[in-house]
Amino acid sequence: MDNEIKDMLNAIIEEIGDVEERMNRRFGKIDSKLESLSYEVSACKLERDSFSLLLKKIDMLEKRVEELEKKTA
């Protein structure tokens, strides 16, 4: 009886170890995907900031052109 219990406990412990390994692999894949998404989000934020700066520059240039047009008119 004791051997049967030991065998069952060993089988359960082994199964728990297998499940843990599978979960660790899955979590590793999820971590990789999250890291990739994090880089994408950072790139999008930088693009947005660059775009905002370009729009500000365009606005400034338009104002300068308007001032120059007024002076030459």
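As a starting point, this report considers the structure included with it. It should be emphasised that the depicted structure is a prediction, and the values quoted were computed from it without experimental measurement. (Residues numbered from 1 in each chain as written. Predicted model: local features only at pLDDT ≥ 70, side-chain atom pairs only at ≥ 80, totals over all residues. Heavy atoms only, no water.)

1. Looking at the overall build of the protein
Keep this limit in mind: Only DSSP runs of H or I with at least four residues qualify as helices, and only runs of E with at least two residues qualify as strands; both kinds are numbered from the N terminus onward. The globule rule is 2.2 Å times the number of residues to the power 0.38, and the radius of gyration it is compared with is taken over C-alpha atoms. Each residue gets one of three labels from its accessible area relative to the maximum for its type: buried under 20%, exposed over 50%, partly exposed in between, using a 1.4 Å probe on protein chains only.
Check the secondary structure of the protein and you find one helix and zero strands. Here the protein has a C-alpha radius of gyration of 31 Å; the compact-globule value for 73 residues is 11 Å, and the former is much larger. Considering only C-alpha atoms, the protein reaches an extent of 105 × 10 × 5 Å along its principal axes. Out of the 73 residues in the protein, the part that is buried amounts to 0%.

2. Description of the pattern of salt bridges
Heads up, the condition is: Salt bridges are counted wherever a side-chain nitrogen of Lys or Arg sits within 4 Å of a carboxyl oxygen of Asp or Glu.
Taken as a whole and assessed by the stated rule, the structure comprises two salt bridges. Taking the shortest distance from any N to any O, the salt bridge between Glu15 and Arg22 comes out at 3.9 Å. Arg22 sits in the partly exposed class, given a relative accessible area of 37%. Note that Asp49 is salt-bridged to Arg48, the shortest N-O span being 3.6 Å. We classify Asp49 as partly exposed; its relative accessible area is 39%.

3. Thoughts on a positive patch on the surface
To keep it simple, the criterion reads: Residues enter patches when they are more than 30% accessible in relative terms and free of salt bridges; like-charged ones are connected within 9 Å and nonpolar ones (Val, Leu, Ile, Met, Phe, Trp, Tyr) within 5 Å. Working definition of accessibility: Shrake-Rupley area with a 1.4 Å probe, residue cover restricted to the visible protein chains. In this charge count, Lys and Arg are treated as positive and Asp and Glu as negative; neither His nor the chain ends contribute. Note on charges: their place is set at NZ of Lys, CZ of Arg, CG of Asp or CD of Glu.
On the surface, a cluster of positive charge is contributed by Arg25, Arg26, Lys29 and Lys33. Structurally, the position occupied by Arg25 is in helix 1 (residues 2–72).

4. Structural notes on the environment of Ala43
Relative to the helices and strands, Ala43 resides in helix 1. Sequence separation between Ala43 and Lys63 is 20 residues; the distance between their C-alpha atoms is 30 Å.

Function cannot be read off these values alone, since they describe shape.
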